[in-house]
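Now for the letters of each chain:
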Amino acid sequence: MGYVHIKKEKCIGCEQCVVVCPFEALFMKDGIVEVIPDKCKECRKCLPACPTEALYLERRERRGQRPEHGIDVTVDLPPELARYKGVWVMVEQQDGTPHSVSWELMGEGLKISQKLGVELSAVVLGENVDGIRREAFQYGAQNVYVIDDPVLKDYRTYPYTFAMTKLVNKHKPEILLMGATSLGRDLAGAVATSLKTGLTADCTKLDVDEAARVLLQTRPAFGGNIMATILCANHRPQMSTVRPRVMSRPYKDESRDGTPIVEQLGLAEEKIRTKFIEFIPDAVAHVVNLDDADIIVAGGRGVGCDEGFSVLKELAEVLGAELGASRAAVEAGWIDYEHQVGQTGKTVRPKIYFACGISGAIQHLVGMQNSDVIIAINNDPNAAIFSVATYGIVGDMHKIVPELIKQFKDKKNK
Amino acid sequence: MHSVVCIKQVPDTTEVRIDPKTNTLMREGVPSIVNPFDMHAVEAALKLRDEYGGKVTVITMGPPQAVEALRRVKTLGVDRTILLSDRAFAGSDTLATSYIITQAVKKIDSEDAVDLVLCGKQAIDGDTAQVGPGIATRLNMPLVTYVIDIDSVDTEKKTITLKRSVENGRTALCVEYPMLMTVLKELNEVRYASLPNMILATNFKAEVWNKDDIGAEMKNMGLDGSPTAVRKIFSPPVRECGEMIPHGIEQPDVAVHNLIEKLSHNKTI
Amino acid sequence: MSDNSYSNKYDVIIVGAGPAGVSAAITCAKAGLNVIMLERGEHPGSKNVMGGILYRHPTEQIIPEFYKEAPLERHITEERVWLLSKDSAVTMGYKSKRFDEEPHNCFSVFRSKFDKWFAQKAVDMGVTLICETLVEDVIMKNGKVVGIRTNRDYGDLYANVIVAADGANSLIAARAGLHPEVRSNTLALAVKEVYSLDREKIEDRFNIDSEGGVTIELLGDATQGLMGTAFIYTNKDSLSIGVGAFISQLMKQKISVYDLIESVKTHPMIKPLLKGGETKEYLAHLIPEGGYRAIPKYCIDGLLLVGDAAMLVNSLHREGSNLAMTSGRFAGEAIIQAHSDGDFTAKGLSTYKELMEHSFIVQDLKKYKNTEKFFEEHMQFFTLYPQIADDAAYEFFKVDGIPKKEKQKIIWKQITNKIPSWRLLLDIYNGWRVVK
């Protein structure tokens, strides 16, 4: 009698297989699954449960017939949930200013709604939000749900959760998207729990299985070391928060407008146990603005020293660019944390990203690989950064960067 | 003031490496640590105890080895430690996890009224930041995430004044407790354990609660209670291969010239 | 001890959870003594680099048949010595089927794994282990060591005997006034890299099977003419590459150990062994290499020094862990004796001294006591002679139609061009005398 085998290097310790094994043949040891051969009956229940294909039975049918993208989408949706239709985007605002991630989500939401053949709707919560309501139409919303109430003036979890839950329960969307911001992640967690549905946080890619009407939500995990695709097949709405700046902002059609669907909040201020005192803006206005920079000149370990960054700074000045850095450079103390790009820093999406002396650790790549053009300069031809680069130059950045400064200057003067 | 702190044992993601040959996660030999944000939640609770008296209870959910996480916080001088461990918990997503922890907090509360529940901002292995909001919602407690300052506690009115970090500043709030907060590293500095506490922690016994102890129902936990499921894990995608511009080593000026030509040609610049 | 009781008084305090400290701890714990062991690192082994070679005999004296469960890499079946010049190696070695049979002579290990395992054995026997805690001072009373002071709050502990197993440059020894100022020519700085490489490649390149392993000691050009050695040990799927040299010489020649390890790795004889691998870990460490003359007083009232703290390293035979474990065990035995006598003065603990004096440890160190000094004064052993050996071997093996007898003449002439023959003979004689 054989038994299931484990590829330890593939096991991520998610315990999915342990749970499904009817014979208690699998157990966790040091974060990795192990098998008790005597107990295993080769029932194969664990094989599809494993997201990383770490389990296999020897010789027989090792190479399965799973679809190429590796995801079996099977849905067993209760009839009352099957009636949920439409894609919603929560439009986040603070004092009447919308967060740009909301518009990025409108673009993504539109694609998904078209694939599913349903409407794209925006949700606007706040006080005096008429301007935002209009903008939502301009960015492509077919419906805009509005709750305009003084209680919603400043963000607090409870009244916003109350409002959003009320709208969802009444209008029943199948997908609800929010920005992965301090507001969106706070609200989404609370809303998903009160709706008892699934939520996938901080997604960097969304897709949809049209037949099953299931959202394929992809996000980095383990500190950005791997990507995971997560499904919420049997609950509605399917909720995601999406990281700002990984998706592009759609075209804004100034001529569009529409009539919103207005609902009442129905929650008195006295019922709320959190009182807003004040908003204290950061003392120093953001000197470093990687978010909106068209060009970023970034340096990594290869820069070598503080002075190395002053040369990069010169290049940035010539190009009107912002200065970025990898974690290695920040940890070496050559440059402040505000400049850090990557998993633990900022996610950026400039038109041009110069990566100078950056090896391209995955932690860094997830923060900049959506840049339109990536130019990599590194003396190691095998550096991972070249795998994402639009243009790569193998060479000493201490020679190439000054040359870039010189030639860009010449070009400017012409 | 009775605080309950929820902590998680996580693999130290800074030590996680990718096997370059198989492109998979190398988990073997990666040390387990207490989620760093959670340490700051424990510290916040201890500070409140130092100032206002009371008690700090720490709970964690995980396999029997997660007792090591409790041992670590025991060295800081917490009063009570509880491990939630049951086969039935395995495979729980954030919704199911928040259910299990909520059941445990309810039980603790029934023995000794809870004023405050604290969590770290998020766990470094999952980065979801969902369990804290989930517990607050289930317990019907006010929730404040990303707490960066605890300014004052009014034990008469039972309110806490604190600041929450948002993208471009801070929001000051006054919250009635019992409430739940998730905290940032900037909130405090984790204390250095005293030697007596270190020694006491070497042979302490955590209480262990299973699903029956907390009255948890099977349908709400494990795979049954989890609406989301990870269906695929892969290495971050690489962009289609770009163009290498030659002569960078021996003729940097030529290489740079060619690069700028290409950028102008494509109207990038 | 119940959950809330805490005592700051123990029978024995051991400072440092390396092989020496753990050996002392286990020996004491077996006799039922109440032992606490303090470690500076995050866990035992985390602050450690050296070695990479573990000897069976001394380890079995502490834990019989340890090799059945301890985390070991490979058992060593072949020992090689390479005399390097710029682009060549004169090699010698010994390989034996006998080393391939259990019980093995020695093993390559990762100290970070082994020390952790070893310390856990002590904990299992009732030793209290406290990590991440630095012992900053000793507490003296009436000229006797009675306790230690850690860097933590309420951090004083008291015991009948303190064992300093805190490594080279022992702070405890210094605070107790035992170490004369450490001269930099008695300390070597060593760096080690763990270099990951496929199992099959290792087994092919080193001509070994899946369990066996090889050590290579590198002399000559590996240390750029400095007094010191370099080594390569095979692990399961990595190599340990290390190089060490005396701090005094590094300073004099203005060479960094980092340069040294680079030059080892890029040496034409070594580079092909490493091809396709990559550096996984990088560590640096101080080792006492002072030999017999550097050994301080290691037994005073209430305090014993063991392992590196007692400067116990036999630099010729890279046996630090061997000496460390044995001295730790001796210290443990002496403490047990002292306890039954109720006398913790130097006199009561003198069993330690006696055991040491009669063991291979002090006898070997005594035997080689002139080595350091001799080689220090005869640097040609590290500079000129490797070159001469290279030239001689090259001439000898080159086939060019010259008769063998003629060749010998040529070789001898080449040698005597570089160094007068009387000088060479004298060096050989003296060199033999110090290591014989």
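Residues numbered from 1 in each chain as written. Chains lettered and ligands numbered in written order. Predicted model: local features only at pLDDT ≥ 70, side-chain atom pairs only at ≥ 80, totals over all residues. Heavy atoms only, no water.

A. Fine view of the interface of chain C and chain B. On the side of chain B, twelve residues touch chain C, which itself brings 22 residues to the contact. Between chain C and chain B lies a buried interface of about 1500 Å² when both sides are counted; carbon and sulfur atoms form 63% of it. Inspection of the chain C/chain B interface yields zero salt bridges. When residues of the side of chain C that touches chain B are traced back to their parent elements, those giving at least two are strand S2 (35-38) and strand S7 (128-130) of chain C. At three residues, S7(C) tops the list of elements feeding residues into the side of chain C that touches chain B. (Contact = heavy atoms within 4.5 Å. Buried area = accessible area lost by both parts, 1.4 Å probe. Salt bridge = Lys/Arg side-chain N within 4 Å of Asp/Glu carboxyl O. Helix = DSSP H or I, 4+ residues; strand = E, 2+ residues; numbered from the N terminus.)

B. Summary view of the interface of chain B and chain A. Listed per partner, the contact involves 84 residues of chain B and 104 residues of chain A. Roughly 8100 Å² of surface becomes buried between chain B and chain A when both sides are summed, with 58% attributable to carbon and sulfur atoms. Where A:Glu24 meets B:Arg87, a salt bridge forms, and the shortest distance between an N and an O atom there is 3.7 Å. Here chain B and chain A share 27 residue pairs in polar contact (both at pLDDT 80 or more) between them. Looking at the side of chain B that touches chain A, the element that brings in the most residues is helix H6 (residues 252-265) of chain B, giving ten residues. (Polar contact = N/O pair within 3.5 Å; in protein donor to acceptor, adjacent residues only side chain to side chain.)

C. Focus on the arrangement of the chains. Counting contacts across all two pairs of chains that touch, the top-ranked interface belongs to chains A and B. For the non-touching pair chain A and chain C, the nearest C-alpha separation works out to 13 Å.

D. Region of interest: the domain arrangement of chain A. Residue and element names in this part refer to chain A. Its domain assignment divides chain A into domain 1 (4-57), domain 2 (79-271) and domain 3 (295-413). One C-alpha centre belongs to domain 2, the other to domain 3; they are set 34 Å apart. On the side of domain 3, seven residues touch domain 2, which itself brings ten residues to the contact. For the pair domain 2 and domain 3, the two sides together bury roughly 820 Å², of which 43% comes from carbon and sulfur. (Domains from an automatic or database assignment.)

E. The arrangement of the sheet that holds strand S16 (residues 261-262) of chain A in detail. All names here are of chain A. Pairing is parallel across the open sheet formed by seven strands, whose spatial order is S11-S15-S10-S5-S8-S9-S16. Edge positions in the sheet fall to strand S11 (199-203) and S16, since each has one partner strand and no second. In the packing of helix H5 (residues 130-138) onto the sheet, the strands contacted are strand S5 (87-91), strand S8 (120-126) and strand S9 (143-148), and the crossing angle to S9 comes to about 165°. Packed on one face of the sheet, helix H7 (residues 182-195) meets S5, strand S10 (175-179), S11 and strand S15 (238-242) and runs near 170° to S15. (Pairing = 2+ DSSP bridges. Axes fitted to C-alpha atoms, helices over the stretch in contact; angles between N-to-C directions.)

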